[in-house]
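Per-entry structural report
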Amino acid sequence: MMREYLLGNAAIARGILEAGASVVTSYPGTPASEIVETLAPFTKKYDLHVEWSVNEKVALEVAIGASWTGTRAAAVMKHVGLNVAADPFMTLAYTGVRGGLVVISSDDPFCHSSQNEQDSRRYAQFACIPCIDPADPQEARDMTIYAFELSEELELPVLLRPTTRVSHARADVEVGEIEENRVKPGFLRNPVRWVALPAHARPRHSVLLEKQDAIKAALEKSPWNRLVLRGELGVIASGISGLYAEEAIKQLDVDISILRIGTFPPPEGLCSEFIMHVSKVMVIEELEPVLEEYVERAAREHNPDLDILGKRTGHIPREGELDPYIVRNAIANMADLPLVESPSLREASEILPPRPPALCPGCGHRAAYYAMREAFGKDAIFPSDIGCYTLAVDMGTIDTCLCMGASITLASGIRFSGEERDICCSIGDSTFLHTGLPGLLNAAYNKARITIAILDNSTTAMTGHQPHPGTGVTASGDKTKAVSLASLAKALGADFVETADPYDLKATIETFKRARDYHGLAVVITKQVCVINERRAGIKRNPFMVNENCTGCRECVEFGCPAIEFEEDCARINSLCTGCGVCAQICPSEAIEVVKVK
């Protein structure tokens, strides 16, 4: 064994390599994106197929196809991506797998970069499959390897559920050797198993239910569940909460028993032994009371008088992330020990100016939204979508944001409700290819009179600038066919399709006006490469400056670019300027000009 200093996601990627997986699929989503990014450079060395799929449903289905040939495969996504993949995910539990198949669903407590805090363990419960819950990067690597082995032992998919703190933590990780010669068997016809007709699904459901005892037996002996019996007070904790609990018990120096859970369903034997030993227990877990509900059921059988504290009693919050202070105080409260005040950032927040998330200086999306607002006016309705462009919410052109691809369908629903005001929805290029296509097709088919703005920056910017089918590059950097968004829009039924450069503000405003006045479905594609990718490619424009003509009208400041400041009744442009020149087009006094290079 060797030791490497790894990010949690890199540790998972290492586990995938060591387990001998040959196919890895994913749609980028924080906090899971780095797993595929870590694997991409090794595709040729290990004969590994790694792809950014167009969405999570596609990613899982590709991985399933590989598994049904006997090949080990992994499908990687964030928790809300599992919603998109839920259709194949649920039926897969019936059909089962051949080669080990691990579904990695990274949960995001506290919504660091997500629209909800859902708990992926519920999906494992729903599908009746095992779920493994790592607490740190070392467990993330080890559990990944174990998950492939367990998947093949049970012939079921296994869900691996890292959370943000595990995915983005760094630690020394013991790693093993990587097998370079991966066995790739072939597909074996078995319609009774692989064809999910009702006549086949009914007996396969019985098979799945019969496997539940085998799942429990396998997890009972796994090394990820650890019991330490001490006093009559006890703590049961899962995932990273187990680390917090162990640390708290050590700091408090109290005689408290602890059971750390790393698998779901939890181990019956260890849980019953623990429950019969203690008189009061604190159940500590992030998000949903999955473990707590199990403890309540087990206590009714083994210790009906057990006092159970947790989310239902208000001792552990049901939303947001846990931290060492929350866990310490919860355990101290149970043991009647003094509580401590957690460090507060209130004083710092009073000193430091607020820094809300914002679009980058020179971002083409900002100019596109400005043009959209100029063309449609403030009274129009602006549904939007998931992506970095959602950061423009303060520009008055984002009225809704629900989930990936929902902007077009929400806009259609608003129109079909009888709403007569102008409607212009916005969606990014990667999001459009993810789940926007059916929405556009539906809008065309059902004659929705709306304008769709596809904000094309030629990357999946929000999650780390991954490529997509419109960029002409694969996950491993190989050149491939670049899909034309305009051709797609026309093929899906949009008769009005125009492309505009948002840096040419006047022309973009006129394009949006034509779309606004079109009596039908209109699509405007605003195309400007992401400024971060431009800089990485070595493309630089001359910056702009404010001259003596500035009247202090603040119109450029209200544009919201971080490169524009206001000081002593005058605007000024700082070093963040990328040279897009949009502010010069906005200024009514011609007070902004390009810096002349001598």
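Reference entry: report on the structure contained in this document. Because the structure is a prediction, the values reported are computed rather than measured.

What counts and what doesn't
- Residues numbered from 1 in each chain as written.
- Predicted model: local features only at pLDDT ≥ 70, side-chain atom pairs only at ≥ 80, totals over all residues.
- Heavy atoms only, no water.
- Pairing = 2+ DSSP bridges.
- Helix = DSSP H or I, 4+ residues; strand = E, 2+ residues; numbered from the N terminus.
- Contact = heavy atoms within 4.5 Å.
- Axes fitted to C-alpha atoms, helices over the stretch in contact; angles between N-to-C directions.
- Disulfide = S-S within 2.5 Å.
- Buried < 20%, exposed > 50% of the residue type's maximum accessible area, 1.4 Å probe, protein only.

1. Overview of the sheet that holds strand E7 (residues 158-160)
Taken together, the 7 strands give an open sheet; going across it, the order is E3-E2-E4-E5-E7-E6-E12, and neighbouring strands pair in mixed fashion. Two strands lie at the open edges of the sheet, namely strand E3 (49-52) and strand E12 (263-264), each paired on one side alone. Here strand E6 (residues 131-132) runs beside E12; their pairing, made up of 2 bridges, is antiparallel. Bridge pairing in E12 places Ile132 opposite Thr263. Strands in contact with helix H7 (residues 137-154) are strand E4 (73-78), strand E5 (101-106), E6 and E7; relative to E7, the strand with the most contacts, it is inclined by about 170°.

2. Considerations on the state of the cysteines
All chains considered together, the criterion is met by 0 disulfides. Not engaged in a disulfide, the cysteine Cys403 finds its nearest cysteine sulfur in Cys401; these two sulfurs lie 8.5 Å apart. On the basis of relative accessible area, Cys403 is assigned to the partly exposed category, the value being 33%. Take Cys583: it sits in no disulfide, and the sulfur closest to it among the cysteines is that of Cys580, at 6.0 Å. Judged by its relative accessible area of 9%, Cys583 falls in the buried class.

3. Some details on the sheet that holds strand E11 (residues 257-261)
One open sheet accounts for 5 strands, arranged E9-E11-E10-E13-E14; its pairing is mixed. Edge positions in the sheet fall to strand E9 (226-228) and strand E14 (307-309), since each of these pairs with one other strand and no more. The sheet shows a mean angle of 15° between the axes of neighbouring strands, direction not considered. Sheet topology note: the strand E10 (residues 233-238)/E11 ladder contains 5 bridges and is parallel. Within E11, the residue paired with Ala237 across the bridge is Arg260. With respect to the sheet, helix H15 (residues 324-334) is in contact with E10, strand E13 (280-284) and E14, its orientation differing from that of E13 by roughly 170°.

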